[in-house]
Amino acid sequence: MTDYQFYIDGEWRNASSNEWMEVKNPANGEIVGRVPRGTADDMNAAVAAAKAAFPAWNETSVEERTALLKKVRDGIADRQDEIADIIVQELGAPISLARSKHVQQPIKEMDDMFDDLENVHFEEDIDGTQVVKEGFGVVACVTPWNFPLTQIERKIGPALIAGNTVVVKPATDTPITAVLLAEICEEAGLPKGVFNLVTGQGSQVGDVLTEHKDVDVISFTGSTEVGRHLYQHASFTIKKLILELGGKSPLIYMPGGDLDYAVKKSMDTVVNNCGQTCSALTRLLVPREELEAANQSILNYYEKNVVIGDPTDPDTVVGPVVSERQKETVESYIQKGKEEGARVLVGGGKIDREGHYVEPTVFTDVDNKMVIAQEEIFGPVLCVIPYDSLEEAIEIANDTEYGLSGAVVGPSDEEAIAVARKIRTGSVYINKSGKSNKAPYGGYKQSGIGRENGRYGVQDYLEIKSIYK
């Protein structure tokens, strides 16, 4: 077992309390390592370091900052196997997914951000006025456990490029990945105080960070409930908020589309990462007359693709959820769905093996008013909802407090786009379209504020100054 430290002002430190938190493998309960249990004093020191480092960092050129961030990117690439192994151990993600999605994706996102910087105008002339875009100051990066590298990369990359300094508070379930990233930042030569990392409980250090008078921006990814809490507390010092919150995303299958593909598109997001993805397409909307055909397609998919097992096995598709707490939460929703009268098409039972495993479950003939169709479950659970007209499908898709992602599978791209325009969500996939890392990603309604990726991700971290000449 390894004891890790956190990183403040260019130095590796233990917690001032000399207390530790154990990180456990959700597949077998083994202790992966220990990280310091940070205190308010530790977080105050990190914020002070970031504040002191900000003026000099903000005055460096964009080219200098980008060059250092490219070294961070290369460091991630050089250590990708090590990072993937840690993500398997602390998150329970299958190794094939850890390598492809958890590590390769953030590398690609950084590459695309660098490439898109040519479209970010850090200075421009508007009607004789010099408009300058620069860093805000200290950015608090509060990140979730479901994508422990990607969610930090999406924050620190654009924040640092924009001239801010950062303090990262990673999730308590998956902090070791963040420590490895801190090592990479040190090796890349980031100046002291520009990147800081403090591990600990959210109630002990997270609140200190987000309420701190010297923190200028809160960048948070996580539940809408916590996002509301941050929104309230940020008001006391008028901080800028960048929030990527929950989702209950719909996929509308239109008559004449590729039904098997629609099922695969939705089920992939529910099965991969054990459904612990905020943008998962967890509501599959199908015409009522095609409900049974959709059900059969789901059963065929399940039989061929749902392989539950040891996450270190390359053949495993479904590993454990991150913790016993998360397992209990997901299982309580499955029980709630049964009580509400939704029909269990497949799954819904218990997995008799060591670890925090949840059987992937599909409910069919679901009413959109049911709790399982309205609340984010964050586990491998799909709701199949029938509709009687395309107008009703659009109404059902929008009948949620969330608006993060969505998809439309239809007989033609033109027809699918016409429906996509009516869905109140931040991104929509059309038929077999892919995703661009340069396009903005974020949510409508209670799914968040702000955007990630490419030029839009950088712009959210830029303060704007007009110099009248």
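Residues numbered from 1 in each chain as written. Predicted model: local features only at pLDDT ≥ 70, side-chain atom pairs only at ≥ 80, totals over all residues. Heavy atoms only, no water.

**Some details on the overall build of the chain**
Part 1 of the reasoning: What the chain contains, in helices and strands, is 15 helices and 21 strands.
Part 2 of the reasoning: Against the compact-globule benchmark of 23 Å for 469 residues, the chain has a radius of gyration of 22 Å, which places it among compact chains.
Part 3 of the reasoning: C-alpha atoms of the chain, sized along the principal axes, occupy 65 × 60 × 40 Å.
Part 4 of the reasoning: For the chain, buried positions account for 59% of its 469 residues.
Part 5 of the reasoning: Long-range contacts, defined here as pairs at least 24 residues apart, represent 73% of the contacts in the chain between residues at least 6 apart. (Helix = DSSP H or I, 4+ residues; strand = E, 2+ residues; numbered from the N terminus. Rg over C-alpha atoms; globule rule 2.2 N^0.38 Å. Buried < 20%, exposed > 50% of the residue type's maximum accessible area, 1.4 Å probe, protein only. Contact = heavy atoms within 4.5 Å.)

**Some thoughts on the state of the cysteines**
Part 1 of the reasoning: The full count for this structure, using the stated rule, is zero disulfides.
Part 2 of the reasoning: Unpaired in terms of disulfides, cysteine 274 finds its nearest cysteine sulfur in cysteine 278, a separation of 15 Å.
Part 3 of the reasoning: Taking the relative accessible area as the measure of exposure, cysteine 274 reaches 4% and is therefore buried.
Part 4 of the reasoning: With relative accessibility at 10%, the residue cysteine 278 sits in the buried group. (Disulfide = S-S within 2.5 Å.)

**So, the nonpolar core**
One recurring pattern in soluble globular proteins is that nonpolar side chains are buried together.
Part 1 of the reasoning: One finds Ile76, Ile156, Val166, Leu190, Phe195 and Val458 to be the most contacted residues of the largest nonpolar core, which totals 68 residues.
Part 2 of the reasoning: The dominant element in this core, judged by the number of residues it contributes, is helix α6 (residues 176-188), at nine residues.
Part 3 of the reasoning: If you count residues domain by domain, this core takes at least three from each of domain 1 (2-245 + 447-468) and domain 2 (250-430).
Part 4 of the reasoning: Residues within four places of isoleucine 156 in sequence aside, it is in contact with Cys141, Val166, Val168, Leu181, Cys185 and Phe195.
Part 5 of the reasoning: The next biggest cluster of nonpolar side chains, apart from the first, holds 56 residues, and it includes Val270, Val286, Tyr302 and Leu345. (Core = buried A, V, L, I, M, F, W, Y, C linked by side-chain atoms within 4.5 Å. Domains from an automatic or database assignment.)

**Concerning the pattern of salt bridges**
Side chains bearing opposite charge may pair, as long as their charged atoms lie close to each other.
Part 1 of the reasoning: Scanning the entire structure with this criterion turns up 27 salt bridges.
Part 2 of the reasoning: In this structure, arginine 34 engages aspartate 3 in a salt bridge whose closest nitrogen and oxygen atoms are separated by 2.8 Å. Residue arginine 34 is found in strand β5 (residues 31-36), and its partner aspartate 3 is found in strand β1 (residues 2-3); the two are separated by 31 residues along the sequence.
Part 3 of the reasoning: Given a relative accessible area of 38%, aspartate 3 falls into the partly exposed group.
Part 4 of the reasoning: Across the salt bridge formed by glutamate 331 and lysine 350, the nearest N and O atoms sit 3.1 Å from each other. Highlighted residues: glutamate 331 in helix α11 (residues 324-340) and lysine 350 in the loop between β15 (343-346) and β16 (361-364), separated in sequence by 19 residues.
Part 5 of the reasoning: Given the relative accessible area of 18%, glutamate 331 is considered buried.
Part 6 of the reasoning: Taking relative accessible area as the criterion, lysine 350 reaches 66% and is therefore assigned exposed.
Part 7 of the reasoning: Connected through shared salt-bridge partners, Arg79, Glu82, Glu183 and Glu187 make up one network. (Salt bridge = Lys/Arg side-chain N within 4 Å of Asp/Glu carboxyl O.)

**Focus: the environment of glutamine 374**
Part 1 of the reasoning: Within the element layout of this structure, glutamine 374 appears in helix α12 (residues 371-374).
Part 2 of the reasoning: Looking at glutamine 374, the relative accessible area reads 22%, which means it is partly exposed.
Part 3 of the reasoning: In this structure the C-alpha to C-alpha distance between glutamine 374 and threonine 400, which are 26 residues apart in sequence, comes to 6.2 Å.
Part 4 of the reasoning: Look past the residues within four positions of glutamine 374 in its chain and what remains in contact with it is Lys248, Asn368, Lys369, Asp399, Thr400 and Tyr402.
Part 5 of the reasoning: A distance of 2.9 Å separates a polar atom in the side chain of glutamine 374 from the backbone oxygen of aspartate 399. (Polar contact = N/O pair within 3.5 Å; in protein donor to acceptor, adjacent residues only side chain to side chain.)

**Description of the pairing of strand β13 (residues 250-253)**
Part 1 of the reasoning: Residues of β13 alternate between two faces, with Pro250 and Ile252 on one and Leu251 and Tyr253 on the opposite face, all of them buried.
Part 2 of the reasoning: Where β13 and strand β14 (residues 283-287) come together, three bridges link them in parallel fashion. Of the residues in β14, the one forming a bridge with proline 250 is arginine 283.
Part 3 of the reasoning: Viewed along the sheet, the connection from β13 through helix α9 (residues 259-271) into β14 turns out right-handed.
Part 4 of the reasoning: Looking at chain direction, β13 and strand β18 (residues 407-409) are connected through three bridges and run parallel. Directly across from tyrosine 253, in β18, lies its bridge partner valine 409. (Pairing = 2+ DSSP bridges. Right-handed = clockwise from strand over helix to strand, strands pointing away.)

**A closer look at the packing of helix α2 (residues 62-78) against helix α5 (residues 150-161)**
Part 1 of the reasoning: One can describe the packing of α2 onto α5 by two numbers: an axis separation of 9 Å at closest approach and a directional angle of 155°. It follows from the interaxial angle that α2 and α5 lie roughly antiparallel. Two secondary-structure elements touch here, α2 through Arg65, Thr66 and Leu69 and α5 through Gly157, Leu160 and Ile161. (Axes fitted to C-alpha atoms, helices over the stretch in contact; angles between N-to-C directions. Parallel < 35°, antiparallel > 145°, perpendicular 65-115°, else oblique.)

**A look at empty space enclosed by the protein**
Part 1 of the reasoning: Applying the stated criterion to the full structure yields eight cavities of 30 Å³ or more.
Part 2 of the reasoning: Its boundaries defined by the atoms lining it, the second largest cavity holds a volume of some 60 Å³.
Part 3 of the reasoning: Glu109, Met113, Glu153, Arg154, Pro158, Asn453, Gly454, Gly457 and Val458 together form the lining of the second largest cavity.
Part 4 of the reasoning: Of the residues contributing to the lining of the second largest cavity, the split by class is three nonpolar, three polar and three charged. (1 Å grid on protein atoms, 1.4 Å probe; cavity = no way out; pocket = protein on both sides within 12 Å on 5 of 7 lines; lining within 4 Å. Points joined across faces, edges and corners; volume = space filled by probe spheres on them. Nonpolar A, V, L, I, M, F, W, Y, C, P; charged D, E, K, R; others polar.)

**Let's talk about the pairing of β5**
When a strand is regular, its side chains alternate between the sheet's two faces.
Part 1 of the reasoning: Sheet topology places β1 next to β5; two bridges connect them, and they run parallel. Paired with threonine 2 across the strands is glycine 33, a residue of β5.
Part 2 of the reasoning: Relative to β5, strand β4 (residues 20-24) runs antiparallel, the two being bridged by five bridges. Counted as the bridge partner of valine 23 is glycine 33 from β5.

**Notes on the layout of surface pockets**
Part 1 of the reasoning: In this model, the largest pocket occupies a volume close to 1100 Å³.
Part 2 of the reasoning: Lining the largest pocket are 40 residues; nearest its centre among them are Trp145, Phe220, Gly222, Ser223 and Val226.
Part 3 of the reasoning: For the lining of the largest pocket, the secondary-structure elements that each account for two or more residues are α7 (202-211), β11 (217-221), α8 (224-234) and α11.
Part 4 of the reasoning: Take the lining of the largest pocket: its biggest share by element is six residues, from α8.
Part 5 of the reasoning: Residue composition of the lining of the largest pocket, grouped by class: 14 nonpolar, 17 polar and nine charged.
Part 6 of the reasoning: For the lining of the largest pocket, the two domains that each supply at least three residues are domain 1 (2-245 + 447-468) and domain 2 (250-430).
Part 7 of the reasoning: A volume near 690 Å³ is recorded for the second largest pocket.
Part 8 of the reasoning: Taken together, 28 residues form the lining of the second largest pocket, with Lys101, Thr269, Thr277, Ser279 and Tyr429 sitting closest to its centre.

Geometric descriptors of this kind do not, in isolation, establish any biological role.
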